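# Residue-level structure breakdown
Here's the letter readout for the chains.
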2 protein chains.
Amino acid sequence: MTTETRFKGVISPMLTPFGDDNNPDLPRYREHAAWLLREGCTGLAPFGTTSEANSLGLDERMSLLEGLLESGIDPQIVMPGTGCCAIPDTARLTEHAVRLGCGGVLMLPPFYYKAPVVSDDGLFRHFAEVIERVGDARLRIYLYHIPPVAQVGFSLDLIGRLIEAYPETVVGLKDSSGDWNNIKSIIQGFPGFTVFPGSEIFLLDGLRLGGAGTITAPANVNPGAIRRLYDNWQSAEAEELQAGVTATRKAIQAYPIVPIMKAMLAVTRSDPVWRNVRPPFSPMDEATARKLLDELAESHGMTLEPA
Amino acid sequence: MTTETRFKGVISPMLTPFGDDNNPDLPRYREHAAWLLREGCTGLAPFGTTSEANSLGLDERMSLLEGLLESGIDPQIVMPGTGCCAIPDTARLTEHAVRLGCGGVLMLPPFYYKAPVVSDDGLFRHFAEVIERVGDARLRIYLYHIPPVAQVGFSLDLIGRLIEAYPETVVGLKDSSGDWNNIKSIIQGFPGFTVFPGSEIFLLDGLRLGGAGTITAPANVNPGAIRRLYDNWQSAEAEELQAGVTATRKAIQAYPIVPIMKAMLAVTRSDPVWRNVRPPFSPMDEATARKLLDELAESHGMTLEPA
């Protein structure tokens, strides 16, 4: 029996701060991680879509992960994104994360080439080869299903084939399809598989079916409320807590979600550097973030604590 | 005045051979390059979509380019693809190509994040930062517009802004939109800009308007006929030559174009290793390729010479 290190709860796909020179800012990165954990996140998922991961170079990703872990965070609660378009790059980032002791990795499918040229067979062979190249029994992969952005996703059949071939390695999935029926089919179709809806909107419904929690962008700015819902999902106030986090999310995602969350942090931390995003994103102005923060405080009682 | 090194004619986005160990095969790569140039290609574009470039790791791309140039090919006729999702990776590959003396680079836009979060402003800042990071007056960029695959493309407005800001650097574009009206608008809208339709179907029409030739996948298997059309586009037989290459292309692209072309080379070179594709692609069987080759020989007189 291997020691199980499956993730659960509220996991933040960490925002990546950039300095005015457009390079990643490690001190702010570490501060943000510490704040997220204090506010209630149970795990960190650096290098997700929210992290502008695909705007970071391979070297930057490895160096940020090392810097994060050197601050003393338990690597077992860290699930870095490692899925690139090419097998060697994915294997390199994955190997690095395993070597650092990370409890799992969140793996995008290769996303440049698309259907119909790319089939489930081709995707299966991609993952098989990554797993074999890494060749480490400690590896735990969480598949990252986000078809609205990556365009390439995981069919139920492909998920089943990967679990069957690599039951100790392919242990979970983040579903950012935004499609409740898909989330439901995966939770119900693969008992024992660790499924995270990619939005807190589905947190309560997911937990009721056997989901593991959520890995969700707004956990960067609203971790406390999402955690309260997670802790109290079987209580009488669960529906009300769900309504609150749902309303907050909807208000945030009315804007480009990464720039607006960064601008929100710039306001609450009185730190304009937090506004910076790397191209191809464009930054959001603080006035818009301030207005949104005021609205959220008034209508949903969401008040963002400074770091 | 700088020496002008603008590309023109028939440029092959080179297929990348993989050994049975799934690693790039340099000897076959060099042989293929030599064959393409003997058969009439005027330039080589390694690491395009046809090259499975996005299935190659950063290190593999640099090492293949070095290996190719060490075989004695003039780097001024080589236009490697260098566009990745992240600025540091794109800058690294681009710097490397410029340092090796390449006449230009073919640059994809960052393709993970998409509209509406990604705007022309964000894309402009991405390219501006790559150009400034590379910081080399020898750099010549050919924009790579392939929205059917990359999803992110270049609007006329963005092209105009990049040319205006970097007239010596942003010198051309490959248009693989498949949309003749778009190709026409770019050729007519930006006089002096070097425009390559991404399909030989538009070669004659493009040349008549001032296009520079074509950068096209079938140049890997049908370079001679495409070159004959290029050389004779003002002759009386131009329409007939165009009809021939168009028919050949249509027959080839009825299949997944990279696997079928590799299987065609496996047949004509009696070298099954050429069938190999890297996941997420799946290989094509030789029987299908043989049937297609027979059809092409019969109906269009296209006979593939062995390497």
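Provided above is the structure to which this section pertains.
Below: a short report on this structure. (Residues numbered from 1 in each chain as written. Chains lettered and ligands numbered in written order. Predicted model: local features only at pLDDT ≥ 70, side-chain atom pairs only at ≥ 80, totals over all residues. Heavy atoms only, no water.)

### Some words on the interface of chain B and chain A
The interface is formed by 46 residues belonging to chain B together with 46 residues belonging to chain A. Counting each side, the surface lost to burial between chain B and chain A is near 3600 Å², with a carbon and sulfur contribution of 57%. The interface formed by chain B and chain A contains 2 salt bridges. Between Asp59 of chain B and Arg92 of chain A there is a salt bridge, and its shortest N-O distance comes to 3.9 Å. Put simply, chain B and chain A have 18 residue pairs in polar contact (both at pLDDT 80 or more) between them. Taken together, the elements giving at least two residues each to the side of chain B that touches chain A come down to helix 2 (58-70), helix 3 (87-99), helix 4 (120-134) and helix 5 (147-150) of chain B. Ranked by residue count, the leading element in the side of chain B that touches chain A is helix 4 of chain B, at 7 residues. (Contact = heavy atoms within 4.5 Å. Buried area = accessible area lost by both parts, 1.4 Å probe. Salt bridge = Lys/Arg side-chain N within 4 Å of Asp/Glu carboxyl O. Polar contact = N/O pair within 3.5 Å; in protein donor to acceptor, adjacent residues only side chain to side chain. Helix = DSSP H or I, 4+ residues; strand = E, 2+ residues; numbered from the N terminus.)

### Notes on helix 7 (residues 180-189) of chain B
All names here are of chain B. Among the residues of helix 7, those classed as buried are Asn182, Ile183, Ile186 and Ile187. The arc that holds the buried residues of helix 7, viewed along the axis, is 130°, so those residues lie on one side. Lining the buried residues of helix 7 we find strand 4 (141-145), helix 6 (156-165), strand 5 (170-175), strand 6 (194-197) and helix 8 (203-209). Of the residues that open helix 7, the one with a side-chain oxygen 2.9 Å from the backbone nitrogen of Asn181 is Asp179. (Buried < 20%, exposed > 50% of the residue type's maximum accessible area, 1.4 Å probe, protein only. Arc of directions from axis to C-beta.)

### Re unusual backbone geometry
Leave glycine aside and you will find that most residues have negative phi; peptide bonds, for their part, are mostly trans. Pro279 of chain A connects to Pro280 of chain A through a cis peptide bond whose omega is 15°. Within the secondary structure, Pro280 of chain A is located in the loop between helix 11 (257-268) and helix 12 (286-300). For Phe47 of chain A, which is not glycine, the phi torsion reads 70° and is therefore positive. Structurally, Phe47 of chain A can be placed in the loop between strand 2 (43-44) and helix 2 (58-70). Under the relative-accessibility criterion, Phe47 of chain A is labelled buried at 4%. Backbone geometry places Asn22 of chain B, a non-glycine residue, at a positive phi of 70°. Judged by relative accessible area, which is 10%, Asn22 of chain B ranks as buried.

### A word on the environment of Leu65 of chain B
Residue and element names in this part refer to chain B. Looking at the secondary structure, you find Leu65 in helix 2. Sequence separation between Leu65 and Leu26 is 39 residues; the distance between their C-alpha atoms is 9.6 Å. When residues no more than four places from it in sequence are discounted, the contact partners of Leu65 are Pro46, Phe47, Val78, Pro80, His96, Ala97, Leu100 and Cys102.

### Considering the relation of the copies chain B and chain A
When chain B is brought onto chain A, the operation consists of a screw motion whose angular component is 180° and whose axial shift is 0.0 Å, with 0.0 Å RMSD remaining. Taken together, the turn and the small shift mark the pair as related by a two-fold rotation axis. When C-alpha distances to the rotation axis are compared across chain B, the minimum falls at Tyr112 of chain B, with a value of 4.0 Å. Most of the interface of chain B is mirrored in chain A, where 100% of its interface residues are also at the interface. (Least-squares fit on C-alpha atoms with pLDDT ≥ 70 in both.)

### Here we look at the sheet that holds strand 2 of chain A
Residue and element names in this part refer to chain A. Taken in spatial order, the 3 strands line up as 2-1-7 in an open sheet, and their pairing is parallel. Across the chains shown, the open sheet's two edge strands, defined by having one partner strand only, are strand 2 and strand 7 (213-215). Bridge analysis of strand 1 (residues 9-12) against strand 2 gives 2 bridges, and the strand direction is parallel. What sits directly across from Ser12, in strand 2, is Leu44. (Pairing = 2+ DSSP bridges.)

### Examining the nonpolar core
Proteins that are soluble and globular tend to have nonpolar side chains buried together. Ranked by internal contacts, the top residues of the largest apolar core, which has 204 residues, are Leu143, Phe193 and Met264 of chain A together with Leu143, Phe193 and Met264 of chain B. Residues within four places of Leu143 of chain B in sequence aside, it is in contact with Leu106, Met107, Phe127, Phe154, Ile159, Leu162, Val170, Gly172, Leu173, Lys174 and Phe193 of chain B. With 8 residues, the next largest nonpolar core counts Leu58 of chain A together with Met62, Cys84 and Leu93 of chain B among its residues. (Core = buried A, V, L, I, M, F, W, Y, C linked by side-chain atoms within 4.5 Å.)

### Considerations on the pattern of salt bridges
Enumeration according to the criterion identifies 30 salt bridges over all chains in this entry. Here Lys291 of chain A ties to Glu295 of chain A by a salt bridge, and the two come within 3.7 Å at their closest N and O atoms. Of this pair, Lys291 of chain A and Glu295 of chain A both sit in helix 12, 4 residues apart, roughly one helical turn. The class for Glu295 of chain A is partly exposed, based on a relative accessible area of 36%. Shared partners join several salt bridges into a network, and the residues in it are Asp59 and Arg92 of chain A together with Asp59 and Arg92 of chain B.

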